[in-house]
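Examining the three-dimensional arrangement
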Protein chains: 2
Amino acid sequence: MNDRFKKFLDVQQPESPCLLLDLDIVRLNYESFAESLPDTQVFYAVKANPAPEVLNLLYELGSSFDCASMGEIELVLATGAGPDRISFGNTIKKKRDIERAFQLGICLFAVDCDAEVEKVAQVAAGSKIFCRVLCDGTGSSWPLSNKFGCDSVMAVDVLEYAHTLGLQVEGVSFHVGSQQADPGAWDHALAIAASVFRTLAQRGIQLKMINLGGGFPACRLHHVPDKETYGRAIFSSLRTHFGNCIPETIIEPGRGMVADAGLIKAEVVLISKKTKLDTRRWVYLDIGKFGGLAETMSESIRYPIRTPRDNCEKAPVVLAGPTCDSVDVLYEKTPFMLPVSLQIGDEVLIEATGAYTMTYASNHFNGIPPLAYFVI
Amino acid sequence: MNDRFKKFLDVQQPESPCLLLDLDIVRLNYESFAESLPDTQVFYAVKANPAPEVLNLLYELGSSFDCASMGEIELVLATGAGPDRISFGNTIKKKRDIERAFQLGICLFAVDCDAEVEKVAQVAAGSKIFCRVLCDGTGSSWPLSNKFGCDSVMAVDVLEYAHTLGLQVEGVSFHVGSQQADPGAWDHALAIAASVFRTLAQRGIQLKMINLGGGFPACRLHHVPDKETYGRAIFSSLRTHFGNCIPETIIEPGRGMVADAGLIKAEVVLISKKTKLDTRRWVYLDIGKFGGLAETMSESIRYPIRTPRDNCEKAPVVLAGPTCDSVDVLYEKTPFMLPVSLQIGDEVLIEATGAYTMTYASNHFNGIPPLAYFVI
């Protein structure tokens, strides 16, 4: 834990649970992306953390923004950013939302099928589009389903169709899976992208842009390579598959930008056993799946947790949240190691929680308010 | 769909997505519980739907309330209900919340271990407590984990300990699992409860109450027996295990009270395929796991969905929500049958959605506001 978090907690003693966000870490992460991928434009994935303070900082640093909805677009415009800094990156959009976005000046849209192309052509004539292609998420903590994207054969047709409808056909996007620990994961996707570029070139359509997506990991969640290593691996793959004609590139980091900037202060509410002979403790915190830690579903994201007794012996526990809901259990299949001396009332600090916590929290489920946050 | 829903939708044409709540159905459900279990006090599980209009109605009908947190307690007190109508039924409570509740006049608390008994004894001296015992959830759509409760041997000790600390030891509670389709499921739990009563009687402590929990199903989700059948089965089991000394009983229905009273209006945003040869359609709605349909996790709760084209041939689809999140898929392992003629822009009506939707919705994830609702 850095000194700024420590000082804030000591001086302010905020009510538990709450999230602290250190904007200096967001700034360092942005600068690190910009340096590691110097020819790549950063579109911050707003969904990871839409706090106005985060958006304002990234706007000042020169970032662009990947938005999932009109709600996110309005948040970004409120920073003062122009619509040219916004990509409406959701492949699933209501036609009336595309129209509203276009009226606000936004003219970059994601698609993955003919039907979405038609919507854009009808209400946002002449806009730029990119087509998302499927790629598997091997190496990722959170491989994506097939929900977004189409295969590369279909992508060629979708882009050609968009071209015939008068849209500006920019290129392709993909996503290698969240919390991607393998910098080489982009290589396979770039090979697919290059094949789409070649096939369309044969049909007389020149693509010029690749959206490399997100997937950049939070460093504190696992030992992962640094951003420079990712940048080198991606540039090397671009060289391999595109030779001297490297296209424009953009990235959409979310977790990689903000996860490490967050620290959740929580409290041990109860420690108990289920039978008299039970060797396993249940530890209940005042935050759980419905309060901001929804990413523990399937137990794939394992947050580092600090307690005031970490120099004591540790033993496995089932870690659970405070709600009257049986699914509100954080770690059970793979138990979590916590000090045997842990006490009810102890403060615990959950690290790397700046991404997918505030907005993953429920809307007052069990009468518990959404996660409070403080910017330091 | 009843005529009142239809008329509201026709006349008001509310923006999609939204939830309609029919208070007449809540009233009928309450009356049905009261008639089917005539000697049992109803404690509505507020977490299922805390809309003030629902709470006000149930207060007027004479219901008591099972609350999970101080937030829910404040909502119930706002109806005008006295603290004697409230059970603080969460086994995981901060000591300062027990103290606040006690100061407000609440003196009925759930426990499942010595540590929780100690908290209650320290800050709510002389209160009534009941101990939750574990029972398996066979027959339930949503079997509960071991998160709440302890085994019956430990429950005896916990209750005896509470007695020695000066608390009023009321009895035991259990939960047979949510959306429980087997009215006989209460029998095994009541046998366990009876053994706890007997053992404590031998130690000179007379228990007097059984909290039969929730688990009563929403009728529209499956073909399930009616509430009268549940009432008869439970009364028969009480006779079997308690003979002529049947204890006081309470129930905590949540889903069974409000699920059928809710109807979500949603819209088809996109229909697509992933490859040119794909036979399976993906259908994307403007509501998903983060907008209120979180109970589709593990696909255990399958909502009935109506479309304007239900007289057409149907075919399997993957059904997904609108967010840029790959886990926001409602039904994929077991595909959902929808009309082959379904179109982008079609209105769909999702039935039996009055429980665990409004508050299971996220706090603006992807920039999407929490689910709007209308009481009719």
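Not measured: the values here are computed from a predicted model.

Scoring rules and cut-offs
- Residues numbered from 1 in each chain as written.
- Chains lettered and ligands numbered in written order.
- Predicted model: local features only at pLDDT ≥ 70, side-chain atom pairs only at ≥ 80, totals over all residues.
- Heavy atoms only, no water.
- Helix = DSSP H or I, 4+ residues; strand = E, 2+ residues; numbered from the N terminus.
- Rg over C-alpha atoms; globule rule 2.2 N^0.38 Å.
- Buried < 20%, exposed > 50% of the residue type's maximum accessible area, 1.4 Å probe, protein only.
- Contact = heavy atoms within 4.5 Å.
- Salt bridge = Lys/Arg side-chain N within 4 Å of Asp/Glu carboxyl O.
- Axes fitted to C-alpha atoms, helices over the stretch in contact; angles between N-to-C directions.
- Parallel < 35°, antiparallel > 145°, perpendicular 65-115°, else oblique.
- Left-handed = near helix turned anticlockwise from the far one by under 90°.
- Nonpolar A, V, L, I, M, F, W, Y, C, P; charged D, E, K, R; others polar.
- Buried area = accessible area lost by both parts, 1.4 Å probe.
- Polar contact = N/O pair within 3.5 Å; in protein donor to acceptor, adjacent residues only side chain to side chain.
- Disulfide = S-S within 2.5 Å.
- Least-squares fit on C-alpha atoms with pLDDT ≥ 70 in both.
- Arc of directions from axis to C-beta.
- Pairing = 2+ DSSP bridges.
- Domains from an automatic or database assignment.

Some remarks on the overall build of chain A
Counting secondary structure elements, chain A contains 10 helices and 18 strands. Computed over C-alpha atoms, the radius of gyration of chain A comes to 22 Å, within 12% of the 21 Å expected from 2.2 N^0.38 for 376 residues, which places it in the range of a compact globule. For chain A, the C-alpha atoms occupy an extent of roughly 75 × 40 × 35 Å along the three principal directions. Looking at chain A as a whole, 61% of its 376 residues qualify as buried. If you take every contact in chain A between residues at least 6 apart in sequence, the share linking residues at least 24 apart comes to 70%.

Examining the environment of D114 of chain A
Residues and elements named next belong to chain A. Position of D114 among the secondary structure elements: in helix α6 (residues 114-123). Look at D114 and you get partly exposed, because its relative accessible area is 35%. Considering only alpha carbons, one finds D114 and V158, 44 residues apart in sequence, at a separation of 5.6 Å. The contact partners of D114, leaving out residues within four places of it in the chain, are D157, V158 and Y161.

A few points about the pattern of salt bridges
As enumerated under the stated definition, the model contains 48 salt bridges over all chains in all. Among the salt bridges present, the one from R100 of chain A reaches E74 of chain A, with a minimum N-O distance of 2.6 Å. On the criterion of sequence distance, the pair formed by R100 of chain A in helix α5 (residues 95-103) and E74 of chain A in helix α4 (residues 70-77) is long-range, its members being 26 residues apart. Look at R100 of chain A and you get partly exposed, because its relative accessible area is 38%. The salt bridge partner of D157 of chain B is K276 of chain A, with a shortest N-O separation of 2.6 Å. With D157 of chain B in helix α7 (residues 152-164) and K276 of chain A in the loop between β12 (262-272) and β13 (281-285), this residue pair bridges two chains. Ionic contacts of the salt-bridge type, sharing partners, join the residues E15, E267 and D286 of chain A together with K94 and R96 of chain B into one network.

Focus on the packing of helix α7 (residues 152-164) of chain A against helix α8 (residues 185-202) of chain A
Residues and elements named next belong to chain A. Running from N to C, α7 and α8 cross one another at 45°; their axes reach a closest spacing of 10 Å. In terms of orientation, α7 lies oblique with respect to α8. Between α7 and α8 the crossing geometry is right-handed. Listed contacts from α8 to S152, V156, L159 and E160 of α7 are I192, S195, V196, T199 and L200. A per-class count over the contact of α7 with α8 returns five nonpolar, three polar and one charged.

Considering the interface of chain A and chain B
Think of interface size as the accessible area that goes away when the parts come together; that is how it is often given. On the side of chain B, 72 residues touch chain A, which itself brings 72 residues to the contact. Both sides together, the interface formed by chain A and chain B hides about 5,400 Å², and carbon and sulfur atoms give 59% of it. The largest per-residue losses of area from chain A upon contact with chain B belong to K147, K274 and C324 of chain A, which jointly make up 13% of the total buried on that side. Counting the contacts that link chain A with chain B gives 13 salt bridges. Run the count over chain A and chain B and you get 36 residue pairs in polar contact (both at pLDDT 80 or more). Of all elements in the fold, only α4, α6, α7, β12 and β13 of chain A reach the threshold of two or more residues within the side of chain A that touches chain B. The element contributing the most residues to the side of chain A that touches chain B is β12 of chain A, with five residues. Of the residues belonging to the side of chain A that touches chain B, the class tally is 33 nonpolar, 20 polar and 19 charged.

Structural notes on the state of the cysteines
Residues and elements named next belong to chain B. All chains considered together, the criterion is met by zero disulfides over all chains. Free of any disulfide, C131 has its nearest neighbouring cysteine sulfur in C150, separated by 3.8 Å. We classify C131 as buried; its relative accessible area is 0%.

Regarding the relation of the copies chain A and chain B
Superposition of chain A onto chain B requires a rotation of 180° combined with a translation of 0.0 Å along the rotation axis, giving an RMSD of 0.0 Å. These values place the two chain copies in the arrangement generated by a two-fold rotation axis. In terms of C-alpha distance to the rotation axis, chain A has S362 of chain A as its closest residue, with the C-alpha 2.1 Å off the axis. Both copies present the same face, since 100% of the interface residues in chain A are matched by interface residues at the equivalent positions in chain B.

A short note on helix α3 (residues 52-61) of chain A
All names here are of chain A. Buried within α3 we find V54, L55, L57 and L58. The buried residues of α3 occupy an angular sector of 165° when the element is viewed end-on, so they sit on one face. Contacts from the buried residues of α3 go to β1 (18-21), α2 (23-36), β2 (40-45), β3 (64-67), α4 and α10 (255-258). A positive phi of about 105° marks G62, the residue just after α3.

Structural notes on the environment of D328 of chain B
On the secondary structure map, D328 of chain B appears in the loop between β15 (314-320) and β16 (329-339). Sequence-wise, D328 of chain B and R132 of chain B are 196 residues apart; in three dimensions their C-alpha atoms are separated by 34 Å. The contacts of D328 of chain B, once residues within four sequence positions are left out, are K147 of chain A together with G288, K289, F290, A320, G321, P322 and T323 of chain B. One polar contact links the side chain of D328 of chain B to the main-chain amide nitrogen of K289 of chain B, over a distance of 2.7 Å.

Structural notes on the pairing of strand β1 (residues 18-21) of chain B
All names here are of chain B. Neither face of β1 is open: one carries C18 and L20, the other L19 and L21, and all of them are buried. Here β1 runs beside strand β18 (residues 372-375); their pairing, made up of four bridges, is parallel. Bridge assignment links L21 to a residue of β18, and that residue is V375.

Digging into the domain arrangement of chain A
Residue and element names in this part refer to chain A. Here chain A is partitioned into domain 1 (23-258) and domain 2 (260-375). At the interface, 19 residues of domain 1 touch 20 residues of domain 2. Taken over both partners, the interface formed by domain 1 and domain 2 buries close to 1,900 Å², and the fraction arising from carbon and sulfur atoms is 59%. Run the count over domain 1 and domain 2 and you get one salt bridge.

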